[in-house]
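Here is how the chains run, residue by residue.
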Amino acid sequence: MSALRARALRKRYGDLEVVSGIDLDVAPGECFGLLGPNGAGKTTTLRLCLGLTYPDAGDIELLGEPVPARAREARGRVGVVPQFDNLDPDFTVAENLRVYGRYFGMSRAAVAARVPELLEFAGLAGRADARINMLSGGMKRRLTLARALINDPQLLVMDEPTTGLDPQARHLIWERLRRLTQEGKTLVLTTHFMEEAERLCHRLAIMDRGRLIAAGSPRALIAEHIEPQVVEVHGSGLDRWLEDARRLAPRVERAGDTAFVYAADAAPLIGTLRERHELSYLHRPASLEDVFLKLTGRDLRD
Amino acid sequence: MRWIAVWNRNFLVWRKLFIASVLSNLADPLILLFGLGYGLGALLPSVAGMSYISFFAAGTLCSATMFTASFESMFSGFSRMHGQKTWDAILYAPLTIDDVVAGEIVWAASKAWLSGATIFAVAVAFGLAASPVVVLALPVAFLVGIAFAAIGLIMTVLAKNWDFFSFYMTLIMTPMTMISGVFFPAEQLPRPVLGVAQALPLYHGIELVRPLVAGAWPTHAPLHIAVLLAYAAAGYAIALKFARRRFTA
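Residues numbered from 1 in each chain as written. Chains lettered and ligands numbered in written order. Predicted model: local features only at pLDDT ≥ 70, side-chain atom pairs only at ≥ 80, totals over all residues.

Asks: Let's hear about the overall build of chain A: which residues, and what values?
Replies: Looking only at helices and strands, chain A has 11 helices and 14 strands in total. Once the C-alpha set of chain A is aligned to its principal axes, its extents read approximately 75 × 45 × 35 Å. In chain A, once contacts between residues fewer than 6 apart in sequence are set aside, the share between residues at least 24 apart is 68%. (Helix = DSSP H or I, 4+ residues; strand = E, 2+ residues; numbered from the N terminus. Contact = placed C-beta atoms within 7 Å.)

Listed below in structure tokens is the structure:
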């Protein structure tokens with residue numbers, strides 16, 4: 001049985017179909033990533049799966065419960081980390097957890113017993129009585145994660161869990177999320193950090209304009225969609241060099257002054273670049289980001 | 001009864017800010033009551049068979065309840081819904097927008113009831129009430145609170161920004177306070193204006209409370225109670241409809 005299963009999901013706002021026929025299958029214990037540019041429909045998809053927004057068409061099953069019909073029952077076993085923190089500014093760190101537990105119908109004693117370990121998990125053990133507006137962005141994010149765990153959920157839904165965090169804070173969140181996966185929890189997250197998706201997710205789906213355009217493990221997506229080597233080149237005389245390079249590389253993408261040259265073997269390309277000192281280049285293995293840009297294009301999405 | 005968790009959240013915040021909250025809810029009506037009641041009351045021997053300050057205390061009990069219920073469900077409610085996104089966080093839990101709407105309305109009515117109850121206590125302490133029957137004003141205050149909390153929450157779930165509330169405040173609440181018998185008997189108004197007052201909920205709250213302060217049984221009590229209940233029920237249903245549209249569309 002899937003932890004989350006969606007079939008032919010559709011949602012329209014006015015003239016714009018935000019979600020246009022999506023199928024999802026997330027296995028229990030899996031970390032599943034939904035990738036896509038801004039406006040791809042990721043957040044709406046999550047809201048539909050949680051029963052917070054009702055779909056125009058399609059079927060959803062969350063932890064075996066039909067959604068939205070029995071979304072309430074499903075959400076009792078789910079934790080949610082929203083894109084923007086909505087901690088309760090009227091309460092302290094510990095009070096935020098205590099009040100949140102009450103929304104799940106937990107007894108005062110059950111919540112009180114859970115709060116210390118969650119503060120420990122979030123690295124906020126010394127901050128139980130701090131006010132929310134005294135916390136850094138990273139601390140707020142960790143507290144939001146701790147809050148989502150108050151009911152010991154089987155499945156955790158996270159919308160861009162590390163957006164806006166500095167590298168230290170981001171790595172700490174990643175470490176905690178890995179720990180949750182090891183504990184057997186199912187994770188569903190959206191992100192547009194390819195590094196995050198590559199590090200955390202067992203499986204990914206790339207979403208654009210309301211549709212899923214690719215799915216698989218990070219390695220499989222790279223192997224399937226892109227040549228293994230990339231050379232990024234910029235400088236004067238780029239166009240002249242590209243005329244030669246196109247014979248050596250199957251695919252070239254141009255973004256402003258920079259050319260992204262994709263090849264199975266980059267050595268001949270590097271050879272031609274060594275003689276051209278007016279050109280700067282960077283040679284690296286292809287990443288998920290290259291797959292993402294190939295599939296969703298390089299245009300801005302605002 | 002899941003909505004109690006929503007009520008409880010607001011109660012816990014209120015308890016933290018207890019002093020400031022009570023002070024702001026009581027200072028205004030009490031200053032008005034004693035300022036106008038004694039000041040104006042000295043000029044008026046009696047109004048509708050009672051001292052002006054007793055007359056005015058009954059009106060203030062209802063209008064203070066109305067204002068507290070309205071402010072709590074509109075301004076505080078909008079802050080929770082829109083600014084702080086507290087409702088969004090609640091909706092991730094096994095609670096629905098129906099629970100939030102019910103919790104917010106009962107909470108605003110509870111806080112409003114406390115405003116009314118404090119004026120009740122002051123009125124009793126100063127001997128403004130004629131008999132123990134005045135204690136029945138307490139459940140009436142809760143009913144007034146529920147009706148105005150529900151109407152206020154309609155405004156909240158329809159509001160795009162804070163300015164939206166000034167239309168309701170200026171165009172409806174303020175005139176309603178003037179014509180509903182808070183400051184003077186509504187019966188001395190021109191017939192059509194009285195008709196408008198009688199179509200609105202505040203008038204009926206005052207028609208119930210004023211005789212109770214005077215030590216008498218209200219005439220047409222079932223009618224007044226029915227009007228307040230109707231406003232509460234319709235307000236709740238309409239607020240719920242628009243809240244569902246805003247949150248699950």
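There's more to say after this.
Asks: Run through the nonpolar core, naming residues and quoting values.
Replies: Among the nonpolar cores identified, the biggest contains 163 residues, and Ile105 and Val213 of chain B are the most heavily contacted of them. Sort the elements by how many residues they give to this core and helix H6 (residues 137–158) of chain B lands first, with 16 residues. Structurally, this core is a two-domain feature, drawing no fewer than three residues from each of domain 1 (4–220) and domain 2 (227–285) of chain A. Here Val213 of chain B is in contact with Ser54, Ala57, Ala58, Ala123, Leu128, Ala129, Val134 and Ala137 of chain B, once residues within four sequence places are set aside. (Core = buried A, V, L, I, M, F, W, Y, C linked by C-beta atoms within 7 Å. Buried ≥ 20, exposed ≤ 12 C-beta atoms within 10 Å, placed from the backbone. Domains from an automatic or database assignment.)

Asks: Before we move on, can you summarise the sheet that holds strand E9 (residues 203–208) of chain A with the specific residues and values?
Replies: Residues and elements named next belong to chain A. Pairing is mixed across the open sheet formed by 6 strands, whose spatial order is E6-E7-E8-E3-E9-E10. Strand pairing shows two members of the sheet lacking a second neighbour, strand E6 (78–81) and strand E10 (211–216), which therefore form its edges. Strand-to-strand twist across the sheet, computed as the mean angle between neighbouring axes with direction ignored, equals 15°. Summarising the sheet, E6 and strand E7 (residues 155–159) pair through 4 bridges and their orientation is parallel. For Gly79, the partnering residue across the bridge sits in E7 and is Leu156. Relative to E10, helix H8 (residues 218–225) is tilted by about 105°, and along the sheet it contacts E9 and E10. (Pairing = 2+ DSSP bridges. Axes fitted to C-alpha atoms, helices over the stretch in contact; angles between N-to-C directions.)

Asks: Outline the interface of chain A and chain B, listing residues and values.
Replies: Contacts between the two partners involve 18 residues from chain A and, on the opposite side, 20 residues from chain B. Contributing elements (two or more residues each) for the side of chain A that touches chain B: helix H2 (71–75) and helix H3 (93–103) of chain A. Tallied by class, the residues present in the side of chain A that touches chain B amount to 8 nonpolar, 4 polar and 6 charged. (Nonpolar A, V, L, I, M, F, W, Y, C, P; charged D, E, K, R; others polar.)

Asks: Lay out the confidence of the model for chain B in plain terms, naming residues and giving numbers.
Replies: Residue and element names in this part refer to chain B. Per-residue pLDDT for chain B averages 94, and the proportion of residues at 70 or more is 100%. Ranking the elements of chain B by mean pLDDT puts helix H2 (residues 18–41) last, at 83, and H6 first, at 98. The complex model carries a pTM of 0.92, and its ipTM stands at 0.90. (pLDDT = per-residue confidence, 0-100.)

Asks: Describe the sheet that holds strand E13 (residues 258–263) of chain A, with residues and values.
Replies: Residues and elements named next belong to chain A. Taking strand neighbours across the sheet as the criterion, the 4 strands line up as E12-E13-E11-E14 in an open arrangement whose pairing is antiparallel. A strand with exactly one partner marks an edge of an open sheet, and here the two such strands are strand E12 (251–255) and strand E14 (279–285). Direction aside, the axes of adjacent strands within the sheet are offset by 20° on average. With 7 bridges connecting them, strand E11 (residues 229–235) and E14 associate as antiparallel partners. Within E14, the position partnered with His234 by the bridge is Ser280.

Asks: Which residues make up the pairing of E11 of chain A, and what values do they have?
Replies: Pairing geometry for E11 of chain A and E13 of chain A, over 6 bridges, is antiparallel. Within E13 of chain A, the residue paired with His234 of chain A across the bridge is Thr258 of chain A.

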